[in-house]
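Coordinates in review
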Amino acid sequence: MLPFGLDLFAIVILVLVVGTIFAGVKTVPQGYQYTVERFGRYTRSLSPGLNIIVPFIDRVGNKVNMMEQVLDVPTQEVITKDNATVAVDGVAFFQVFDAPRASYEVARLDAAILALTTTNIRTVMGSMDLDQLLSHRDEINERLLRVVDAAASPWGVKITRIEIKDIVPPADLVSAMARQMKAEREKRAVVLEAEGQRQSEILRAEGEKQSQILEAEGRREAAFRDAEARERLAEADAKATQMLSAAVASGEPAALNYYIAEKYVKALEGIVTSPNQKLLMLPYEATAIIGSLAGIAEIAKGAFGPDAPKGGARRPTGPGTF
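One structure accompanies this document, and this report is about it. Since we're looking at a predicted model, the values are computed, not measured. The numbers attached to residues start from 1 for each chain and follow its sequence in the written order. Local features in this predicted model are restricted to residues of pLDDT 70 or higher, and side-chain atom pairs are both shown and tallied only at a pLDDT of 80 or more, whereas totals for entire chains, interfaces and linings draw on every residue. Only heavy atoms go into the side-chain values, all of them from the structure, while hydrogens and water stay out.

For the protein, the count of helices and strands is 8 helices and 8 strands. Taking all 322 residues of the protein together, the buried fraction comes to 23%. For the protein, contacts bridging at least 24 residues in sequence account for 62% of all contacts bridging at least 6. Residue-level accessible areas treat just the shown protein chains as cover; the underlying method is Shrake-Rupley with a 1.4 Å probe. Accessible surface for the protein amounts to roughly 22700 Å². Of this, 60% is attributable to carbon and sulfur atoms. Elements are defined by DSSP. Helices are runs of H or I of four residues or more, strands are runs of E of two residues or more, and each kind is numbered from the N terminus. Exposure classes here rest on a 1.4 Å probe applied to the protein chains alone. A residue is buried below 20% of its type maximum, exposed above 50%, and partly exposed in between. What makes two residues a contact is simply this: any of their non-hydrogen atoms within 4.5 Å.

Quick look at the pattern of salt bridges now. For salt bridges, the criterion is a side-chain nitrogen of Lys or Arg within 4 Å of an Asp or Glu carboxyl oxygen. Under the criterion given, the structure shown has 11 salt bridges. Measuring nitrogen to oxygen at the nearest pair gives 3.0 Å for the salt bridge that ties Arg204 to Glu201. One end of the pair is Arg204 and the other is Glu201, both in helix H6 (residues 171-249) and 3 residues apart, which spans about a single turn. In this structure, the salt-bridge partner of Arg219 is Glu215, at a minimum N-O distance of 3.2 Å. Taken together, the residues Arg219 and Glu215, both in helix H6 and 4 residues apart, mark about one turn of the helix. Judged by relative accessible area, which is 47%, Glu215 ranks as partly exposed. Each of Glu221, Arg225, Glu228 and Arg232 takes part in a single network of salt bridges with overlapping partners.

Pairing between two strands is assigned when DSSP locates at least 2 bridges connecting them. Taken in spatial order, the 3 strands of this open sheet run S6-S7-S8, and their pairing is antiparallel. Only two strands of the sheet have a single neighbouring strand rather than two, namely strand S6 (69-79) and strand S8 (157-168). Averaged over all pairs of adjacent strands, the angle between strand axes in this sheet comes to 20°, irrespective of strand direction. Strand direction decides the pairing type here: S6 and strand S7 (residues 85-96), joined by 9 bridges, are antiparallel. Paired with Val73 across the two strands is Gly90, which belongs to S7. Axes here refer to lines fitted to C-alpha atoms; in helices the fit is confined to the stretch in contact. Angles between the N-to-C directions go from 0 to 180 degrees.

Next up on the list: the nonpolar core. Membership of the largest hydrophobic core comes to 34 residues, with the highest contact counts inside it found for Leu109, Met125 and Trp155. Of all the secondary structure elements, the ones that give two or more residues to this core are S6, S7, helix H2 (99-104), helix H3 (109-126), helix H4 (130-135), helix H5 (137-152) and S8. Broken down by element, the residue count for this core peaks at 7 residues, all from H3. Setting aside its immediate chain neighbours within four residues, Met125 contacts Val78, Thr80, Val88, Leu133, Ile140, Ile164 and Ile167. We define the nonpolar core as a collection of buried residues of types Ala, Val, Leu, Ile, Met, Phe, Trp, Tyr and Cys that are connected through side-chain atoms lying within 4.5 Å of one another. Counting residues in each nonpolar core, the second largest holds 5 residues, with Tyr34, Val36, Leu46 and Ile53 among its members.

Quick look at a negative patch on the surface now. A contiguous patch of negative charge, built from Asp138, Glu139, Glu142 and Glu163, is present on the exposed surface. Take the negative patch: its biggest share by element is 3 residues, from H5. With respect to the helices and strands, the residue Glu139 is situated in helix H5. Under the relative-accessibility criterion, Glu139 is labelled partly exposed at 35%. Put simply, a patch holds well-exposed residues, over 30% relative accessible area, that have no salt bridge, with like charges counted together within 9 Å and Val, Leu, Ile, Met, Phe, Trp or Tyr side chains within 5 Å. Within this scheme the basic residues Lys and Arg register as positive and the acidic residues Asp and Glu register as negative, but His and the chain ends are omitted. Charge positions come from single atoms, namely NZ of Lys, CZ of Arg, CG of Asp or CD of Glu.

The turn joining S6 and S7, which pair antiparallel and follow one another in sequence, is formed by 5 residues; a positive phi near 65° is taken by Asn83. Pairing of S7 with S8, which is carried by 10 bridges, proceeds in the antiparallel orientation. Across the sheet, residue Gln95 finds its bridge partner in S8, namely Lys158.

So, about unusual backbone geometry. Backbone geometry at Asn83 places phi at a positive 65°, although glycine is not the residue there. For Asn83, a relative accessible area of 66% translates into the label exposed. Of note in this structure, Arg108 is not a glycine but carries a positive phi near 55°. Using a relative accessible area of 67% as the deciding quantity, one classes Arg108 as exposed.

The next thing to look at is a nonpolar patch on the surface. Together, Leu8, Phe9, Val12, Ile13, Leu16, Val17, Ile21, Val25, Leu50 and Ile52 make up an exposed nonpolar region whose accessible area comes to about 950 Å². Secondary structure elements with two or more residues in the nonpolar patch: helix H1 (4-24) and strand S4 (49-52). For the nonpolar patch, the element with the highest residue contribution is H1, accounting for 7 residues. Mapped onto the secondary structure, Leu50 falls in strand S4.

Interpretation in functional terms is not warranted from these geometric data alone.
Written out as structure tokens, the structure reads:
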């Protein structure tokens, strides 16, 4: 059996060994990095997993979260370029890519990024008027991201996104904007209605123009057809006159009698069929036209020979008898 003093010494040694092992073995979780300090000075970083340091000489300085983190930007008032006051809030996303710089280049990293984002929101949005502020939110986010990321880069931090969540103008300004929007829409409706009427008038005028053109084309075509018909009729009359002259020159007066009788009959037909003719006066001898018909019989005899029908027209023996 060991003396009591030796037992106590063995227990102390065992405790020291166990304490040394626990002090020298460090387990780093996934998504984190630990900085190691030796006598207060940074020496290295511990990666996720099991790591060993020098006990009682090295110690863990900062436990740095290497995952992407989100930071809420509280609501603040911003005065725009046209002196409108709006309430703005947002959100910023960042990720540490260099644990030593994030630990020793800046104190209170979250507060520093928040202050930097808030200041640049006022700077960027204060350089724009209200209309641009409400309609160019993507441009605002891009400018904020570019400026804040450049400012936070020395801290070993990458600003991945900055998003403006809400832009709230004052109530009276919202009412004025609503009235302006209503007036603008009514103006556009009037303009569109006037444009529609103008287009309708143009189309109607084009239709009337095309109708008049087609009507003129029809009249021209009809006049051309009438002129052609009159020309052919004149040619036929000229040819008939030529044939009649030849017949008279050859000693055949019957053809002349036939031509005169034909014209006579057509003239009488025109007089009789006239719509405003109520009373017809015939101041001529009725036997004259019968004599012309006798000339037609003579032409028939010349055409068919001596065997022509005997029942043809005969010269009357007295006035008004057939």
